[in-house]
Amino acid sequence: DIQMTQSPASLSASLEEIVTITCKASQGIDDFLSWYQQKPGKSPHLLIYDTTSLADGVPSRFSASRSGTQYSLKISRPQVDDSGFYYCLQSYSTPWTFGGGTKLELK
Amino acid sequence: EVQLVESGGGLVQPGSPLKLSCAASGFTLSSNWLNWIRQAPGKGLEWVASIYPDGSSTFYPDTVKGRFVVSKDHARNTGYLQMNNLRSEDTAMYYCARGSDYFDYWGQGVMVTVSS
């Protein structure tokens, strides 16, 4: 199974910072990587697909990149509404596997 | 508008079966992958099942293989997750979601609690 190691597990950031969350795959997954945001008590929703493509309606302050088997989600000048949990997902091979999640708190 | 609405959750005893439904609207399940993902209380997301658009193939992780069965009824535009021999570790919120390489629409989730 492909392991997705996500870091950090939690993060507190100011509204002026650039927030970066990473997922490292245990083996190559090409561009079969997506990112999801989840607010407490709500279902996840898609932010990024195919490693770097922004989902419909997602603000342009969200972006993503890849370097080898390390995938990154970046939030530039985050807003308070960006607080919540973030997960990566690899869909290169079954079992599809999520990263462990990152709790983002904005102060 | 694309919508997915889960139903069928509840409290069941260990070893019991339970069948979840996922009613789709705004798109046709016959043209889309359907997936089930769960989230134990306070934990992260875990993929538990996927089914091809035409229903010809299904996929499961080892944690549920042989106990869970995913299916679709194209006439009703509804997906299902039949869960058998439930264990306490199956206690979770269960979401259905559309998509193959990524999950672009999710339902609101339904809670399944396995406890004696």
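The preceding data block contains the structure.
Residues numbered from 1 in each chain as written. Chains lettered and ligands numbered in written order. Predicted model: local features only at pLDDT ≥ 70, side-chain atom pairs only at ≥ 80, totals over all residues. Heavy atoms only, no water.

K.L.:
What's the story with the sheet that holds strand β1 (residues 4–7) of chain A in this structure? I'm lost.
P.N.:
Residue and element names in this part refer to chain A. Reading across the sheet, the four strands line up as β1-β3-β8-β7 and stay open at both edges, with antiparallel pairing between neighbours. In this open sheet, the two strands that pair with only one neighbour each are β1 and β7 (62–67). The mean inter-strand angle of the sheet, taken between neighbouring strand axes irrespective of direction, is 20°. As judged from the seven bridges shared by strand β3 (residues 18–25) and strand β8 (residues 70–76), these two strands associate in the antiparallel manner. Bridge pairing links Ile18 to Ser76 in β8. (Pairing = 2+ DSSP bridges. Helix = DSSP H or I, 4+ residues; strand = E, 2+ residues; numbered from the N terminus. Axes fitted to C-alpha atoms, helices over the stretch in contact; angles between N-to-C directions.)

K.L.:
Explain unusual backbone geometry to me, please; I cannot follow it from the model alone.
P.N.:
When glycine is set aside, most residues are seen to have a negative phi, and most peptide bonds are trans. Residue and element names in this part refer to chain A. A cis geometry characterises the amide bond from Ser7 onward to Pro8, with omega recorded as -5°. As for its position among the elements, Pro8 is in the loop between β1 and β2 (10–13). At the junction of Thr94 and Pro95, the peptide bond is cis and its omega measures out at 0° in the coordinates. As for its position among the elements, Pro95 is in the loop between β9 (84–90) and β10 (97–98). Its identity as a non-glycine residue notwithstanding, Asp50 has a phi of 50°, on the positive side. Tracing the chain through its elements places Asp50 in the loop between β5 (45–49) and β6 (53–54). The class of Asp50 is partly exposed, set by a relative accessible area of 32%. Within the chain, Arg77 stands out as a residue other than glycine whose phi angle is a positive 50°. For Arg77, the position within the fold is in the loop between β8 and β9. (Buried < 20%, exposed > 50% of the residue type's maximum accessible area, 1.4 Å probe, protein only.)

K.L.:
In this structure, what is going on with the interface of chain B and chain A? I would like to understand it.
P.N.:
Many descriptions give the size of an interface as the accessible area lost when the pieces come together. Chain B puts 21 residues into the contact, and the matching count from chain A is 17 residues. Carbon and sulfur atoms make up 66% of the area that chain B and chain A hide from each other, which totals about 1500 Å². Inspection of the region where chain B meets chain A yields zero salt bridges. At the level of elements, β4 (34–39) and β5 (45–51) of chain B are the ones that each hand at least two residues to the side of chain B that touches chain A. Looking at side-chain class alone, the side of chain B that touches chain A contains ten nonpolar, seven polar and four charged residues. (Contact = heavy atoms within 4.5 Å. Buried area = accessible area lost by both parts, 1.4 Å probe. Salt bridge = Lys/Arg side-chain N within 4 Å of Asp/Glu carboxyl O. Nonpolar A, V, L, I, M, F, W, Y, C, P; charged D, E, K, R; others polar.)

K.L.:
Looking at this model, I keep getting lost on the nonpolar core. Mind explaining?
P.N.:
Nonpolar side chains in soluble globular proteins tend to be buried together. One finds A:Trp35, A:Phe98, B:Phe103 and B:Trp106 to be the most contacted residues of the largest nonpolar core, which totals 37 residues. In contact with B:Phe103, other than residues within four places in its own chain, are A:Tyr36, A:Leu46, A:Leu89, A:Trp96, A:Phe98, B:Asn35, B:Ile37, B:Trp47, B:Ala97 and B:Arg98. With 27 residues, the next largest nonpolar core counts B:Leu4, B:Val12, B:Leu81 and B:Val110 among its residues. (Core = buried A, V, L, I, M, F, W, Y, C linked by side-chain atoms within 4.5 Å.)

K.L.:
Sorry, what's going on with the sheet that holds strand β3 (residues 18–25) of chain B here?
P.N.:
Strand pairs in the sheet, formed through backbone hydrogen bonds, run parallel or antiparallel to each other. All names here are of chain B. Pairing in this open sheet of four strands is antiparallel, and the strands run β1-β3-β8-β7 from one edge to the other. The open sheet has two free edges, formed respectively by β1 (3–7) and β7 (68–73), since each of these has just one partner strand. Taken pair by pair, the neighbouring strands of this sheet meet at an average axis angle of 20°, ignoring direction.

K.L.:
Teacher, can you tell me more about the state of the cysteines here?
P.N.:
In a disulfide, the sulfur atoms of two cysteines are covalently bonded to one another. Applying the stated criterion to the full structure yields two disulfides over all chains. Residue A:Cys23 pairs covalently with A:Cys88 via a disulfide, S to S 1.9 Å. Between A:Cys23 and A:Cys88 the sulfur-sulfur dihedral comes to about -90°; the bridge is accordingly left-handed. Here A:Cys23 is found in strand β3, whereas its partner A:Cys88 is found in strand β9, with 65 residues between them in sequence. Grouping residues by exposure puts A:Cys23 and A:Cys88 together as buried. Here B:Cys22 engages in a disulfide with B:Cys96; their sulfurs sit 2.1 Å apart. Sign of the S-S torsion, about 75° for the bond between B:Cys22 and B:Cys96, identifies this disulfide as right-handed. With a gap of 74 residues between them, B:Cys22 in strand β3 and B:Cys96 in strand β9 (residues 92–98) connect regions that are remote in the sequence. An identical accessibility class is assigned to B:Cys22 and B:Cys96; each is buried. (Disulfide = S-S within 2.5 Å.)

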